[in-house]
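Examination of the molecular architecture
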Amino acid sequence: MEERWSTEHVLSLAPDAASRKAAGKLSSPAPWSGTGTDGAALWGECRGSGRTPYRTVIELATPAYQCSCPSRKFPCKHALGLLLLWSSAPEAVSAGEPADWAAEWLRARRERAGKRAAPPADPEAARRRAERRGARVAAGAAELRLRLADRIRHGLADQSTAGPWEEVAARMIDAQAPGLASRVRELDTLPEDRLLAEYAMLHLLATAATRIDELPPELAATVRARVGYTLDAAEVLTGPTVRDRWLVLGSRDTADERLTTRRVWLRGAKTGRPALLLAFGRPGQAPDLALPTGHLLEAELGYHPGARPLRAALGTRYGAPEPGPAAPPAGLTVAEAVAGYGTAVADDPWLDSWPTVLAGVVPVRAPDGWHLTDGHHTVPVRPSAVQEAALWRLVAVSTGRPLTVFGEYGHQGFAPVTAWSAEHRPVGLSSS
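Residues numbered from 1 in each chain as written. Predicted model: local features only at pLDDT ≥ 70, side-chain atom pairs only at ≥ 80, totals over all residues. Heavy atoms only, no water.

Examining unusual backbone geometry
In this structure, proline 75 follows phenylalanine 74 across a cis peptide bond, with omega equal to 0°. In this structure, proline 75 sits in the loop between β4 (64-67) and α3 (77-88). We note that glutamine 176 has phi near 60°; this positive angle belongs to a residue other than glycine. Mapped onto the elements of the fold, glutamine 176 is located in the loop between α6 (166-174) and α7 (178-186). Unusually for a residue other than glycine, threonine 399 sits at a positive phi of about 45°. One can find threonine 399 in the loop between α12 (388-398) and β15 (403-410). Residue classification places threonine 399 among the exposed positions, given a relative accessible area of 53%. (Helix = DSSP H or I, 4+ residues; strand = E, 2+ residues; numbered from the N terminus. Buried < 20%, exposed > 50% of the residue type's maximum accessible area, 1.4 Å probe, protein only.)

What to know about the pattern of salt bridges
The full count for this structure, using the stated rule, is 20 salt bridges. Across the pair arginine 243 and glutamate 298 runs a salt bridge whose closest N-O atoms are separated by 2.8 Å. Separated by 55 residues along the polypeptide, arginine 243 in strand β6 (residues 242-255) and glutamate 298 in strand β9 (residues 295-303) bring together distant segments of the chain. The class of glutamate 298 is partly exposed, set by a relative accessible area of 26%. A salt bridge links glutamate 388 to arginine 365, with the shortest nitrogen-to-oxygen separation between them at 3.1 Å. Of this pair, glutamate 388 sits in helix α12 while arginine 365 sits in strand β12 (residues 353-366); the two residues are 23 residues apart in sequence, bridging distant segments of the chain. A relative accessible area of 54% places arginine 365 in the exposed class. (Salt bridge = Lys/Arg side-chain N within 4 Å of Asp/Glu carboxyl O.)

Concerning helix α9 (residues 217-227)
Restricting attention to buried positions, one finds in α9 the residues Ala220, Ala221, Thr222, Val223 and Val227. In the core, the buried residues of α9 are packed alongside α5 (123-154), α7 and α8 (192-209). Remark: glycine 228 follows α9 within two positions and exhibits a positive phi of approximately 130°. (Contact = heavy atoms within 4.5 Å.)

Thoughts on the sheet that holds strand β13 (residues 369-373)
Paired through backbone hydrogen bonds, the strands of a sheet run either parallel or antiparallel to each other. Taken in spatial order, the six strands make up an open sheet running β14-β13-β12-β15-β16-β17, and their pairing is antiparallel. Two strands close off the open sheet at either side, each with one partner strand: β14 (378-380) and β17 (426-428). Adjacent strand axes in the sheet meet at a mean angle of 50°, parallel and antiparallel pairs treated alike. Note that strand β16 (residues 413-420) and β17 share three bridges and pair antiparallel. Residue pairing across strands places tryptophan 420 opposite proline 426, the latter belonging to β17. Its contacts with the sheet place α12 against β12, β13, β15, β16 and β17, and it is angled at close to 75° to β12. (Pairing = 2+ DSSP bridges. Axes fitted to C-alpha atoms, helices over the stretch in contact; angles between N-to-C directions.)

Some details on the environment of leucine 204
Tracing the sequence through the fold places leucine 204 in helix α8. Not counting residues up to four positions away in its chain, the partners in contact with leucine 204 are Pro349 and Trp350.

A short note on the sheet that holds β4
Strand order in this open sheet of five strands is β4-β3-β2-β1-β5, and the pairing throughout is mixed. Looking at which strands have only one partner, the edges of the open sheet turn out to be β4 and β5 (94-95). Pairing of strand β1 (residues 32-37) with β5, which is carried by two bridges, proceeds in the parallel orientation. Looking across to β5, one finds that glycine 36 is bridged to serine 94.

Observations concerning the packing of aromatic side chains
Counted under the stated rule, the structure contains six aromatic pairs. Consider the rings of tyrosine 341 and tyrosine 409, whose centres lie 5.7 Å apart with planes at 85°: the pair is edge-to-face. Within this pair, whereas tyrosine 341 is found in helix α11 (residues 334-347), its partner tyrosine 409 is found in strand β15, the two being separated by 68 residues in sequence. We note that tyrosine 341, like tyrosine 409, is buried. Centre to centre, the rings of tryptophan 370 and tryptophan 392 are 5.0 Å apart; their planes meet at 85°, and the pair counts as edge-to-face. Remark: tryptophan 392 occurs in helix α12 and tryptophan 370 occurs in strand β13; sequence separation between them is 22 residues. The buried category is assigned to tryptophan 370, whose relative accessible area is 8%. Under the relative-accessibility criterion, tryptophan 392 is labelled partly exposed at 43%. (Phe/Tyr/Trp six-rings, centres within 6.5 Å; stacked < 30°, edge-to-face > 60°.)

Structure representation (structure tokens):
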């Protein structure tokens, strides 16, 4: 039987709250005609204000969307409405072959995906560009070390030389080190009791950036990633890949005025390896990666190189996501989670957190904030990681009984993402 998406998952694809509200009005059969699905795609025509209905087609695996409406939002309300109809009223979407107009778009999409990649660039020119950038990064990192040392020499309490760090961040951008620039900008927002520690970690990173060629390959790759060197998915997937049935542990969206970032965490059913997929969307456009929490996806992943590989690129998929096991994923005690993060930090000193599944924990609210406890040890919930309403939802799911909770554990506490209730149904705790 075809697996339908949950309403929660469909609405997570919406680019904004207005799109979610508008899609709800199009989730009944009334405005739709010619709807159908072949298990891999979904299509239909939606009656609008004009004489010609809007034609909407969705490729479910990615997912990808096409609609003849003029909306600049992606996916549009018609695509979301059709998905909601398919999710909540399967009898309204009949099985069959795609309509001609839908089949044409699907065929063109497959042809584009099957085109061979462009030939590689001139390797000698690429080597020269890499050398020039390496020199700029090293010079920028050396300047940053001097700025940090100067600030420490005058003392953190001396504000006479403590101007804003934006100028230094701009210098790091000029040096083609956006990762250093991002960390420098954060210095202006940190409380005083955290400044010295952040200065130390930033100084360590800048020092490593000036000596990348002397580091072991895995650590050198980690430093490059922290400094701001990037690899595209195609490049990552040319290396070794890991095929597994990946359990979707959860996802979270964060947004600013320029970009929406979606993080999707996976764990291999056979290998047990964690993985983090990233997808991005422009304003008004949801990221194009959507995997239902609690489902299994058989696929190949290519890991970005590093001392502690986590971020991955999604390669070949072997079918659509399928419902996962009835039981919650295996988890750790709080003490084991703390030890696991310590092991990860030993490999990557700049690691803020590590994906962790806690088993048998209960949420409690104390005068100093929220905590998760397993009866023997307690871990604080990171205050900025999740909204208060989501934490009360976690309490409602728990009803005082132990839960399995997935999230990120780090030196600032635990950031919950997904919880499994007594009925083993995953509940998202995203703050977005």
